[in-house]
Amino acid sequence: MHDISKLKSIASQVRRDIVRMVHACQSGHPGGSLGCTDFLVALYFDAMNRKEGFDMTGKDEDVFYLSNGHISPVFYSVLAHAGYFDKSELATFRKLNSRLQGHPTTHEHLPGVRIASGSLGQGMSVAIGHAVGKKLDKDPNLVFSLHGDGELQEGQNWEAIMYASHNKVDNLIATVDYNGQQIDGPTSKVLSLGNLKTKFEAFDWKVLEVENGNDMEEILKVLDEAKSLTRKGQPICILLKTEMGYGVDYMMGTHAWHGKAPNDEQLQKALDQLEETLGDY
Amino acid sequence: MRLKQNQQINQMKKYTYTEKKDTRSGFGAGMAELADKNPDVVGLCADLIGSLKFEKFIEKAPERFFQVGIAEANMIGMAAGLATEGKIPFTGTFANFSTGRVYDQIRQSVAYSGKNVKICASHAGLTLGEDGATHQILEDIGLMKMLPGMTVINTCDYNQTKAATIAIADYKGPVYLRFGRPVIPVFTDENQKFEIGKAWMVNEGKDVTIVATGHLVWEAIKAGEILEEQGIDAEIINIHTIKPLDSEAILKSVKKTGCVVTAEEHNRLGGLGDSVAQLLITEYLAPQEYIAVNDSFGESGTPDQLMEKYGLTANDIVEAVKKVMSRKSESL
C-alpha cells in the first residue's frame, strides 16, 4: 500500500530543490534539510491525512508543526510538491518580498505554515496546544511535529514533554531529528543529550526508534506503528537517526553544512548525485 | 461610559464609589461570564488559579481549562496551538511571568504568528507589594507595546477589568491585558461597554490634561479634586488601551489645555508617558510631565507605602500639574 518508489522519486527532487534554493540565495541550512527529506516526504505523501487546500485550523485533518524552522528549504519544497503553492515560488526563498522567509512564518500567509519557527524550542508546546484543541473538538486526527536534537537543549521542550505525559496527550507524534550535530559541532561535545530514549521514557512517553532515518521503508514502518499507538494514553516520540547532508556525499558526516551554501561548482557536484524526477522549479 | 454620579453635597466631588475590589477579581468575573457565553474561550494558568481568580471559570467549564504548572513558556506555546485550532485562549499568571519571562515565546509563537491569544496578567506594578521587585514588573507595557500587532490594555477598576475581559474575546488578535492585586475603589459603571482603543473622558477641564492608566486613574481623580479646590480645572482622561493609542482624544484635549501629565504604574521609560510624548512631539508640541517610576526596580512594602515612596500618588500628580502648568505659561 505504500508507494516506495514514488516517495523516493519525490525525495530526490526535494533534495535537488534544497541545494538549488540554498545556492540561489547563498544562505540557508542544507544539512538538516537533506537529512530530514525522507521523513517529511513520507509524512506528507503517505502518513498524514490531509485535506485538499489549506485552512489554518486544520480541522478534520492531521497537522504538522516544524519546530526546527531553519530546515525551511525541505519544508518549503515538500509543501510545494504537496500542492500548497506553486513550486516556481521556491525561487524566491530568502529573497526580498518573498513568502518563503529564511525561517517559516504565517506572517506572509504562505499556505501550509501554521506557526512561525526559528527561535528554537517552541514547536512542541504549540503542537501540544493544537493536540488538546483537537481533543476538545473531538477531532480524531493527529498532530505531528519535528524537532532538532540540539533543539532539545532548550528548556521549554521539557516543560512541554512533562505536560504531554501528565495530561495524556496521546494524539501527538513528536519526531526528533537525531543526527547528533549542531552548529558548533557534535551534540556530544557541545552539550550532551545523553540517552534520549531513556530520558523520554522517564517522562512517560512511548518511544520508537529508527536506526536509519534516511531509509524510506524504515520510516514508513515506524510511522505506521506510531499511528497505531496513538489514543492509548501516552504521547509518542520517534527518535529518527538521520545523517545530516544525506544524499550529497561531501555534505555528509559533518556539521560543516548546517548553515552553509554550496558554490557553483559544489552545486553541480550535488546535482550530479540527485536525479531530477519531477522537474526543477 | 456612564459614570457613577456623586449625589453627595460636596459639588466638587464628581465621582464616588460604594465598594472596593481588586481588578484581578474583575478578570475572574469576566472569565466566569465568558465560560457561559463563548464556547471557544479556553483558559490556561501556570499554577496561580487562586491569584488570577480562575475558580469560577473552572467550575463552569472544567474541560476548557488547562493547568500547565510552573511552565509559562509552554503555556504561551500551547495557547498559540489552541488558537490555531480556532480556540480563544486566555493565559493567566503574574505580569512578570506573562511578559518578561516569555518574551520570545510571545514574540514568535503569538505576535509574529498572528495568533488570537489573550495574555492576561495580574499583580502588575508596585502594588503587588510585599513580594518585592522580583515580582513587581514595571517594564511590561513597554515590552508588549513594542510587539507589532499587539494590543495593550491596562484597566483601572473591577468593572472596567471585567468589561475588558469580555470585550477582548470578541476582538481577533493578540492582546495583553494588565491588571493588579490591590483592593481599590470601584468607580466605573457596572454595565459599561468596553471599546478597545477608545479613551474614556473621566472629567472635562480646561487648564491641564491628566492622562492616566490602571491604578493611577483613581489617583488622578483624587488629584483632580485637590486641584479643583485650588482653582485648577483638570481634564482627566483614562487611557485604558495604551496600544492602539487614542491619539485623537489626547490631541483634542492637549490642544485645549496646552499641557499634559501622564500617570502610570510603570517605568517612565517605555510606558504610556512615552507613547503620549511621541504623539505630541510629532503632532502638537506641548509641555509634558511624567508620573511613573523613575527607571528603578521596586522593593518590598505595602502598596500605599510603595506608591508614596516611588511618587505615584494623587499629591504627586498635583505637583506635576503645577510644574507643567508653569512650563506652559513660560512657553506662552
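Parameters at a glance
As a convention, each chain's residues are numbered from 1 in the sequence order in which they are written. Ligands are numbered from 1 and chains lettered from A, in the order in which they are written. Given that this is a predicted model, residues contribute local features only at a pLDDT of at least 70 and side-chain atom pairs are listed and counted only at 80 or more, while totals for whole chains, interfaces and linings are drawn from all residues. By convention in this description, side-chain values take in all heavy atoms of the structure and omit both hydrogens and water. To qualify as a helix, a DSSP run of H or I must reach at least 4 residues; to qualify as a strand, a run of E must reach at least 2; elements of each kind are numbered from the N terminus. As a reference, a globule follows 2.2 Å times the number of residues to the power 0.38, and the radius of gyration itself is taken over C-alpha atoms. For the exposure calls, accessible area comes from a 1.4 Å probe over protein chains only, and a residue counts as buried if that area is under 20% of its type's maximum, exposed if over 50%, partly exposed in between. By the convention used here, residues are in contact when the closest approach between their heavy atoms is within 4.5 Å. The Shrake-Rupley method, run with a 1.4 Å probe sphere, supplies the accessible areas, and residue values consider only the shown protein chains as cover. Strand pairing is assigned whenever DSSP identifies at least 2 bridges connecting the two strands. Note on definitions: angles span 0 to 180 degrees between N-to-C directions of axes, and those axes are lines fitted to C-alpha atoms, for helices only across the stretch in contact. For our purposes a nonpolar core is just a set of buried Ala, Val, Leu, Ile, Met, Phe, Trp, Tyr and Cys residues, chained together by side-chain atoms within 4.5 Å. Boundaries of every domain are those given by an automatic assignment or by a domain database. Clockwise travel from the first strand over the helix to the second, with the strands pointing away from the viewer, marks a crossover as right-handed. Buried area is calculated as the accessible area (1.4 Å probe) missing from two parts once they are joined, with the contributions of both summed. The rule for a salt bridge is simple: a side-chain nitrogen of Lys or Arg has to be within 4 Å of a carboxyl oxygen of Asp or Glu. Throughout this description, a polar contact denotes any pair of N or O atoms lying within 3.5 Å of each other; where both atoms belong to protein, one of them has to be capable of donating a hydrogen while the other can accept it, and for residues adjacent in sequence the pair is counted only when both atoms sit in side chains. By convention, the crossing between two helices is left-handed when the near helix turns anticlockwise from the far helix through less than a right angle, and right-handed when the turn is clockwise. In the scheme used here, Gly and all other residues not listed as nonpolar or charged are polar, with Ala, Val, Leu, Ile, Met, Phe, Trp, Tyr, Cys and Pro taken as nonpolar and Asp, Glu, Lys and Arg as charged.

**Student:** How should the overall build of chain A be read in this particular structure?
**Tutor:** Counting secondary structure elements, chain A contains nine helices and seven strands. The globule rule puts the C-alpha radius of gyration for 281 residues at 19 Å, and the 17 Å found for chain A is close to it. Dimensions of chain A along its principal axes, counting C-alpha atoms only, are 50 × 45 × 40 Å. For chain A, the residues scored as buried account for 58% of the 281 residues in total. Taking contacts inside chain A between residues at least 6 apart in sequence as the whole, the part at least 24 apart equals 76%. Just so you have it, chain A exposes about 10,600 Å², and 48% of that area is on carbon and sulfur atoms.

**Student:** Got a minute to help me understand the sheet that holds strand E2 (residues 41-45) of chain B in this structure?
**Tutor:** Sheets are built from strands paired through backbone hydrogen bonds, the pairs being either parallel or antiparallel. All names here are of chain B. Strand order across the open sheet formed by seven strands is E3-E2-E4-E5-E7-E6-E12, with mixed pairing between neighbours. Edge strands, defined here as strands with exactly one partner in the open sheet, are strand E3 (65-67) and strand E12 (241-243). In this sheet, neighbouring strand axes are inclined to one another by 20° on average, regardless of whether the strands run parallel or antiparallel. Two elements, E2 and E3, share three bridges in a ladder whose sense is parallel. Along E3, the bridge assignment pairs Gly-43 with Phe-65.

**Student:** When you look at the nonpolar core in this model, what are you seeing that I'm missing?
**Tutor:** As a rule of thumb, soluble globular proteins bury nonpolar side chains together. Residues Ile-128, Leu-196, Phe-200 and Trp-205 of chain A together with Leu-44 and Ile-106 of chain B are the most contacted members of the largest nonpolar core, which totals 71 residues. Counting residues per element, this core draws most heavily on helix H4 (residues 72-85) of chain B, which supplies eight residues. Of the domains in this structure, domain 1 (20-185) and domain 2 (197-331) of chain B are the two that each give at least three residues to this core.

**Student:** Before we go on, may I ask you to explain the pairing of strand E3 (residues 172-177) of chain A in this structure?
**Tutor:** In summary, the side chains of a regular strand alternate between the two faces of the sheet. Residue and element names in this part refer to chain A. With six of six residues buried, E3 lies mostly within the body of the structure. Burial along E3 is two-sided: the face carrying Leu-172, Ala-174 and Val-176 and the face carrying Ile-173, Thr-175 and Asp-177 are both buried. Bridge count for strand E2 (residues 143-148) against E3 is six bridges, and the pairing is parallel. Each bridged residue has a counterpart across the sheet, and for Phe-144 the counterpart in E3 is Ile-173. A crossover connection joins E2 to the parallel E3 through helix H5 (residues 156-166); in handedness this β-α-β unit is right-handed.

**Student:** In this structure, what is going on with the domain arrangement of chain B? I would like to understand it.
**Tutor:** All names here are of chain B. Looking at the assigned domains, one finds that chain B contains domain 1 (20-185) and domain 2 (197-331). Just the C-alpha atoms count here: the centres of domain 1 and domain 2 sit 25 Å apart. Counting residues at the interface gives 33 residues for domain 1, matched by 34 residues for domain 2. Regarding the contact of domain 1 and domain 2, the summed buried area is about 2,400 Å², with carbon and sulfur atoms giving 59% of it. Summed over the three residues of domain 1 that lose the most area to domain 2, namely Leu-126, Leu-138 and Lys-145, the buried surface amounts to 26% of that side. On inspection of domain 1 and its partner domain 2, the count reaches zero salt bridges. Counting across the interface, domain 1 meets domain 2 through 23 residue pairs in polar contact (both at pLDDT 80 or more). Looking at the side of domain 1 that touches domain 2, the elements that each hand over two or more residues are helix H7 (140-145), strand E6 (151-154) and strand E8 (183-185).

**Student:** What exactly am I supposed to notice about the packing of helix H1 (residues 4-25) of chain A against helix H2 (residues 30-47) of chain A here?
**Tutor:** All names here are of chain A. Where H1 contacts H2, the two axes come as close as 9 Å, and the packing angle between them is 145°. Crossing handedness for the pair H1 and H2: right-handed. Of H2, the residues touching H1 (which contributes Lys-6, Leu-7, Ile-10, Ala-11, Val-14, Arg-15, Ile-18, Val-19 and Val-22) are Pro-30, Ser-33, Leu-34, Thr-37, Asp-38, Val-41, Phe-45 and Asp-46. Looking at the contact of H1 with H2 residue by residue, the classes come out as eleven nonpolar, two polar and four charged.

**Student:** Honestly, the interface of chain B and chain A in this entry has me stumped. Any pointers?
**Tutor:** With 27 residues of chain B in contact, the opposing surface of chain A contributes 29 residues. Counting the surface lost from both chain B and chain A, the interface buries some 2,200 Å², and carbon and sulfur atoms represent 52% of this. Among the residues of chain B in contact with chain A, Glu-85, Gln-108 and Tyr-112 of chain B are the three that bury the most area, contributing 31% of the side total. Joining chain B to chain A, the criterion identifies two salt bridges. One salt bridge connects Lys-59 of chain A with Glu-85 of chain B, and the closest N-O pair in it is separated by 3.7 Å. Inspection of the chain B/chain A interface yields 20 residue pairs in polar contact (both at pLDDT 80 or more). Among the elements that make up the side of chain B that touches chain A, the one with the highest residue count is H4 of chain B (ten residues). Of the residues contributing to the side of chain B that touches chain A, the split by class is nine nonpolar, eleven polar and seven charged.

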